[in-house]
Amino acid sequence: MRTLCIDTSAGSSVALHDDTAGVLARAHSADRRGHAERLAGLVAQTLRDAGLTAADVDRVAVGTGPAPFTGLRVGLVTARAFGHARGIPVHGVGSLDALARQVLDLHPEATVLVLGDARRREVYSARYRALGDDDVRLLAGPRVGPAAQVAADPAGAAVDEGEVVVAGAGAVLYADVLPPTPGTPDEVDPAVLARVVRARLARAQAGEEVSLGTEPLYLRRPDVQPATARKRAS
């Protein structure tokens, strides 16, 4: 089973993952504002580097955020359009879920606190533990707020038992408050989305309720709002 994996929670990241052979190809742009201009080209590049075409893809996995409005929307629209054109399923996975899974590959027994860059001097945050070798169990979050608020939150800390590993771009930005654990990743590896999708589909087949929807997770309203109609003077 080959999965085209897309995440635009930070830059634009694409990977083609095979359930047997692993990652066949990947492409990445660190540009956090040029998703619309770059993503289609990265998808084409990934398929080209793998020596395959769109017809060789069996499903699509896409990161659903949380992330700023525009970049996240571009990734979701691209994934849905690709899946619709091919007539293949499109599955969504939280971007923080994927990053937590990467960290748990390094620290399988830990509680992981993932912090994403939410801009406006805030972070997206969520706590996780491992669920098998390829999925995660959400303990708290996701939510958005100042890093200092996350660090001081006793309710979130109450779920932590044993080793706590901190990771993510938000931890890098606000290391004075919640420093990242050395050696942990700070961006989503899109290929991990395929692993999480595969694990959740297996659990769904066993009758469990899983989350694979492609609804975007913004956590707050977009920066740009439509202008409201002016009231007439009476």
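No experiment lies behind these values; they were computed from the predicted model shown. (Residues numbered from 1 in each chain as written. Predicted model: local features only at pLDDT ≥ 70, side-chain atom pairs only at ≥ 80, totals over all residues. Heavy atoms only, no water.)

(A) A look at the packing of helix α1 (residues 35-50) against helix α2 (residues 69-86). The geometry of α1 relative to α2 is characterised by a closest axis approach of 10 Å and an angle of 40° between their N-to-C directions. The angle between α1 and α2 falls in the class oblique. Pair α1 / α2 crosses with right-handed handedness. Where α1 approaches α2, its residues His35, Ala36, Leu39, Val43 and Leu47 are matched on the opposing element by Gly71, Val74, Gly75, Thr78 and Phe82. Considering only residue class, the contact of α1 with α2 consists of 6 nonpolar, 4 polar and no charged. (Axes fitted to C-alpha atoms, helices over the stretch in contact; angles between N-to-C directions. Helix = DSSP H or I, 4+ residues; strand = E, 2+ residues; numbered from the N terminus. Parallel < 35°, antiparallel > 145°, perpendicular 65-115°, else oblique. Left-handed = near helix turned anticlockwise from the far one by under 90°. Contact = heavy atoms within 4.5 Å. Nonpolar A, V, L, I, M, F, W, Y, C, P; charged D, E, K, R; others polar.)

(B) View of the nonpolar core. If you look at the biggest cluster of nonpolar residues, it comprises 28 residues, and the most contacted ones within it are Val114 and Tyr128. Listed by contribution, the elements that provide at least two residues to this core are α3 (95-106), β6 (111-119), β7 (122-131), β9 (164-167) and α7 (191-205). Sequence-distant contacts of valine 114, that is, excluding residues within four places in its chain, are made with Leu96, Leu99, Ala100, Tyr124, Ser125, Ala126, Tyr128 and Ala167. (Core = buried A, V, L, I, M, F, W, Y, C linked by side-chain atoms within 4.5 Å. Buried < 20%, exposed > 50% of the residue type's maximum accessible area, 1.4 Å probe, protein only.)

(C) Representation of the sheet that holds β7 within the structure. Taken in spatial order, the 4 strands of this open sheet run β8-β7-β6-β9, and their pairing is mixed. Looking at strand neighbours, the two that pair on one side only are β8 (135-145) and β9, the edges of this open sheet. Sheet twist, expressed as the average angle between the axes of neighbouring strands with direction ignored, equals 20°. Here α7 sits on the sheet in contact with β7 and β8, set at roughly 115° to β8. (Pairing = 2+ DSSP bridges.)

(D) Region of the structure containing the pattern of salt bridges. Inspection of the entire model under this criterion finds 15 salt bridges. Between arginine 2 and aspartate 18 there is a salt bridge, with the nearest N and O atoms lying 3.7 Å from each other. Taken as a pair, arginine 2 in strand β1 (residues 2-7) and aspartate 18 in strand β2 (residues 12-18) lie far apart in primary sequence, 16 residues in all. Assessed through its relative accessible area of 27%, arginine 2 is described here as partly exposed. Residue classification places aspartate 18 among the buried positions, given a relative accessible area of 12%. Arginine 200 is paired through a salt bridge with aspartate 135; the nearest N and O atoms lie 3.1 Å apart. Residue arginine 200 is found in helix α7, and its partner aspartate 135 is found in strand β8; the two are separated by 65 residues along the sequence. Take arginine 200 and aspartate 135: they sit in the same class, and that class is buried. Residues joined in a network through salt bridges with shared partners are Asp19, Arg59, Arg101, Asp105, Asp134, Arg195 and Arg198. (Salt bridge = Lys/Arg side-chain N within 4 Å of Asp/Glu carboxyl O.)

(E) Empty space enclosed by the protein, seen in detail. Using the criterion set out here, one finds 2 cavities of 30 Å³ or more in the structure. When its volume is computed, the largest cavity comes out at roughly 170 Å³. Lining the largest cavity are 16 residues, with Ser9, Ala10, Gly116, Asp117 and Asp186 sitting closest to its centre. Breaking the lining of the largest cavity down by element, the ones donating at least two residues are α3 and β6. Here the lining of the largest cavity is built from residues that sort into 8 nonpolar, 4 polar and 4 charged. Together, Asp7, Ser9, Ala10, Gly11, Ser13, His28, Glu187 and Val188 line the second largest cavity. Its residues assigned to classes, the lining of the second largest cavity comprises 2 nonpolar, 4 polar and 2 charged. (1 Å grid on protein atoms, 1.4 Å probe; cavity = no way out; pocket = protein on both sides within 12 Å on 5 of 7 lines; lining within 4 Å. Points joined across faces, edges and corners; volume = space filled by probe spheres on them.)

(F) Spotlight on the sheet that holds β2. Ordered by their spatial adjacency, 5 strands build an open sheet running β3-β2-β1-β4-β5, and the pairing between neighbours is mixed. At either margin of the open sheet sits one strand with a lone partner, and together these are β3 (22-29) and β5 (90-93). Within this sheet the neighbouring strands show an average axis-to-axis angle of 15°, counted without direction. With 4 bridges joining them, strand β4 (residues 59-63) and β5 adopt parallel strand pairing. Bridge pairing in β5 places alanine 61 opposite histidine 91. Of the strands in this sheet, β1, β2, β3, β4 and β5 touch α7, which is tilted by about 110° from β4.

(G) Looking closely at the pairing of β2. The buried fraction of β2 is high, at 7 of 7 residues. A two-sided burial pattern is seen for β2, the buried positions comprising Ser12, Val14, Leu16 and Asp18 on one face and Ser13, Ala15 and His17 on the other. Pairing analysis gives 6 bridges linking β1 to β2, with the strands arranged antiparallel. Following the sheet pairing, cysteine 5 is matched in β2 by alanine 15. Linking β1 back to β2 in an antiparallel pair, the connection comprises 4 residues. In this sheet, β3 lies alongside β2 in antiparallel orientation, the contact comprising 7 bridges.

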